[in-house]
Amino acid sequence: MLEIIVLFVSLLIIYHYKFRGNMVDLLQNLHGVYNRWENRNKSLSDEKIKDLYGPGTAGGFVQNQRKVSPPLSPSSLAPPAVPSRTIAGRRPSHDKRKISVGSMRNSSFSLGQNKSDSYAQFKVAPTMSADIVSRPYMGNICNKCSSSTRRLSLDETQMLGLGNLLNVPTCNRDRGFLTRVFHHLVHVWSRKANFHYPSVTKSILSCERVKTAVKNAADRDLEELGMDSSRLCYLLRKHEVRAAKVLKIMKANISSLLIRITAWVLFKVLGRLLTSIQIHKGQLEVVKKFSKANVPIIYLPLHRSHLDYILVTFILFNEEVKAPLVAAGDNLRIPFFGPIMRGLGAYFIKRKLDPKDGKRDFVYRAVLQNYMLESLAAGHSMEFFIEGGRSRSGKACLPKAGLLSIVVNSLLDGVIEDAYVVPVGISYEKLLDGTFISEQMGKAKVTESLSSAVKGIWNVFRANYGSVRVDFAHPFSLREFVHAAQMYVYSKPRSLLGGPEPSPANALRSISSTASLYGTDVVIEDQRLLVKGLAEHALFDAVQSTALMSTNVVAFILLNKYRKGVILRSLIQDFEWVCDEIRKRGRDLGFSGEANHVVRRALDLLGPTLVTLETTSDDSSVVSNLAFVRPVLSLPKVLELSYYSNVTLSVFLKDAILACALNILVGDEIDSLKDVESEVWVSKQQLTEKALDL
C-alpha cells in the first residue's frame, strides 16, 4: 500500500513539473526522497529508544525542553512547540513536555528550504504517539532475589503507556449505533472471563491438620473443665461442628457471572465519581503473560480504601485475567454487601485469630491454613493486603506476614511448585471513604454495618474524587526468592542471628503439619526471617511502584515549606521543582498537564476545609496567580492534610536519613563555622554506618 502511495505521489510530482520544465530538479528531489525512505526505520527506532530509556538524550524528549526526535538531522525537522491542553487526571497526553497529538496533526511543519523536504514529509515525519513519553517504568524486579524472572518479560511492554480503564473501546465512532449507546454493557459481555473456580471445601474438614486441631482443642477443654474422659467424644463432636461452621462463614463463592455484572455497575458508578482509573498497559501485559503459566499469582496491594477490595479484581476482569480470592476482614460480612463480596472472591477472616483470653484457637487457625493451602493447590490466585488494615496516616504500615507464611509453607510442603508474587501500589487523588480523622483523634473505630455503608455511599455521590492510579510491580518467583534466601544463609559463616553455623537440620524447610500460622510456632529462626524478609520486600516494591498524585505533592509543599501560606504563583513554581525531583528519583506522577492547571485542580480536590484561597479580585470565582494559599492547621483538619502529604515522604526518605546522619557527624562543626569560609570533610564509610544505624 505504501509503495502505491509513493508511485502515485511521484506521478503527481512528474505532472507538476511537466509544465515547468524542471525535470533535472525533479530527479534530484526524488533521489533524496527514496534515500530517506530506505533509512527511515533505523533512524526512527533509534531515536524512540533513546527517548524512552535515555533521560536527557540529545534529540529526544529532553528534561526541560519540548523537542521531538528528528529522523533526519537536528536542523532539518523542527516542529513548533505546541502547548499541551490537558486536565489533571485525563490522559490525552502524558506529560506537560509532550506535544499534543491532535495539535500536531492540525499543524503544518516547516521542513527547511529544500523543496524535496516538503515532498518527503509524508515519509520521514515522525509519528506522534501518546505512548512515547519520558516516563519511568515502575515496578521493575530486583535482580538479587529473582534474576531469571526478569528475562521472561517482554522489553516492548515498557514502551506501552498509560490508559484510562473507564474509557472502553466500544464507544468509538467506528462501532455501530447500539454498541455506542450500550458501550459499557457490550464491553463487559465481550470480556473472555468465564474461568473455572473449583470448590475446595469438601477436602478441608477431612484433612489431618484439622483433625489434629480438633483433638487438641477437645483435650484442652477436657483438662480445663475437669471433665471425665467419657466426655471426650462430646467435645470432639462440638469442635467438629464448629470447624464446619467456621468454614461456611469463611469460604468464598466466586462467580464469573457476578463479576461480570459488578463490572458493569462499577463502570456506571465509578464513571460518575472518578475522572479516571489509570493503569499502565505494559504492567498488565506482563501480568497477563505470567497468568498463563498455570501458577498461582499472589497479589499484595497496599490498603488505602474499601474500594481496594474490588479494584484489583475489576482491573483483572477487564484484562481477561483470572480473578483472585481476596482476604477480607469479617467486619465486612454485613447484609447485602457481604454476599456480593463473597461472590466476587472474598473469604472472610477474623481480625484477631485468638480470643481475648489469649488462648490459641487451634480449630480456626487450622481451617484457615488448610483453606488457603487447598485453594492454592486447586490453582486459585490469592490477594491479601500486606499491611493488614488500611493505613491511618498515609504512610506504609509494617507488613503483616501471617497469610504470606501460609503461601511460603505451601511451596516448602510441595503443595505448589511455584507462585508469582505481584506487589501492587494504589494511589488516590482523594479518598472515597475519608482519612480516619476520628480514629487519629483517639476515638474508637466504628464497626461497619449496613446503615453506615449506605450512608457512606450516599455521601460519596456528592463529590468528585479525581483519579485513581493502580501500578502492578513486576511479578517475581517465590521459588527463586526462597532459593536466594537459602544461598544467603549458607554464604554466612554464622546464622542470621549470630548463632552457630546452619546445619541441614536447621535449613529452610516446611513447618510440621500441626503448626498453625506464622507466629511463635515457627521455631526455625532463619525461616521466620525468610517470611519477614519476603513481606518487607513486597511492601517496599509496592511503595516504590506507587505513583504520586497532585494532592500529595501540593499537601507536601504546604505542610513542609509554606505552613503560613504562599502566593499561588510561588506554589506552582515549587510544585514544578518537586515534580522534577520526584522524577529524578525514579518515581512516577499520576497526573499530566501544565503545572498551573494541575495545582488549581489539586486545591479544588482538597477543598476549602483543608486549604483556603484568598483572592485579590472582586470576583471570588476568578483565582489569579497572586491569590494567597493557606493550609488549614487546626485540628482535626491538619491530620487529614498530613495524610495526603505523608504519601510523598517515601520519595525523599533516603535523602532525609543521609541528611540526619550528616548532621549528627558534623553538625557541631558546621555551627562553629557559621561565619567562616571553610570545608568540613566526612568519610563515606562513617556516613554509611551512621545512616544504617538510623
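All values derive from a computational prediction rather than experimental measurement.

Visitor: Can you lay out the environment of Glu 383 for me, pointing to particular residues and giving the numbers?
Guide: As for its placement among the helices and strands, Glu 383 is situated in strand 6 (residues 382-383). With relative accessibility at 0%, the residue Glu 383 sits in the buried group. The spacing of Glu 383 and Pro 324 is 59 residues in sequence and 5.9 Å in space, taken between C-alpha atoms. Once residues lying within four places of it in the same chain are set aside, the contact partners of Glu 383 are Tyr 299, Pro 301, Asp 308, Tyr 309, Val 312, Thr 313, Pro 324, Leu 325, Val 326 and Ala 327.

Visitor: Could you give an account of the confidence of the model for the protein, with specific residues and numbers?
Guide: On average, residues of the protein score 76 in pLDDT, and 69% of them reach the 70 mark or higher. Mean pLDDT across the elements of the protein bottoms out in helix 4 (residues 101-106) (32) and peaks in strand 3 (residues 297-301) (96). Scored below 50 in pLDDT, residues 493-507 makes 22 contacts in the model with residues more than four places away or belonging to other chains.

Visitor: Residue-level account of the side chain of Ser 477, with values.
Guide: Along the polypeptide, Ser 477 turns up in strand 9 (residues 476-477). Here Asp 418 takes part through its side chain, which lies 2.6 Å from a polar atom of the side chain of Ser 477.

Visitor: I'd like to hear about the packing of aromatic side chains, residue by residue, with values.
Guide: Counted by the stated rule, this structure contains 10 aromatic pairs. Relative to Tyr 371, the ring of Tyr 347 has its centre 5.6 Å away and its plane inclined at 55 degrees; by these criteria the two rings are tilted. Taken together, the positions of Tyr 347 in strand 5 (residues 346-349) and Tyr 371 in helix 15 (residues 362-377) put the pair 24 residues apart, joining distant regions of the chain. When sorted by exposure, Tyr 347 lands in the same class as Tyr 371, which is buried. The ring centre of Trp 189 lies 5.8 Å from the NZ or CZ of Arg 260, which sits over that ring. If you follow Lys 430 out to its NZ or CZ, it ends over the ring of Tyr 465, 5.6 Å from the centre.

Visitor: Can you lay out the sheet that holds strand 10 (residues 566-567) for me, pointing to particular residues and giving the numbers?
Guide: Strand order in the open sheet made by the three strands is 10-12-11, with antiparallel pairing throughout. Edge strands, defined here as strands with exactly one partner in the open sheet, are strand 10 and strand 11 (611-614). Of the pairings in the sheet, the one linking strand 11 to strand 12 (residues 628-631) comprises four bridges and is antiparallel in character. Bridge assignment links Glu 614 to a residue of strand 12, and that residue is Phe 628.

How each quantity is defined
Residues numbered from 1 in each chain as written. Predicted model: local features only at pLDDT ≥ 70, side-chain atom pairs only at ≥ 80, totals over all residues. Heavy atoms only, no water. Helix = DSSP H or I, 4+ residues; strand = E, 2+ residues; numbered from the N terminus. Buried < 20%, exposed > 50% of the residue type's maximum accessible area, 1.4 Å probe, protein only. Contact = heavy atoms within 4.5 Å. pLDDT = per-residue confidence, 0-100. Polar contact = N/O pair within 3.5 Å; in protein donor to acceptor, adjacent residues only side chain to side chain. Phe/Tyr/Trp six-rings, centres within 6.5 Å; stacked < 30°, edge-to-face > 60°. Lys NZ or Arg CZ within 6 Å of the ring centre and 35° of its normal. Pairing = 2+ DSSP bridges.

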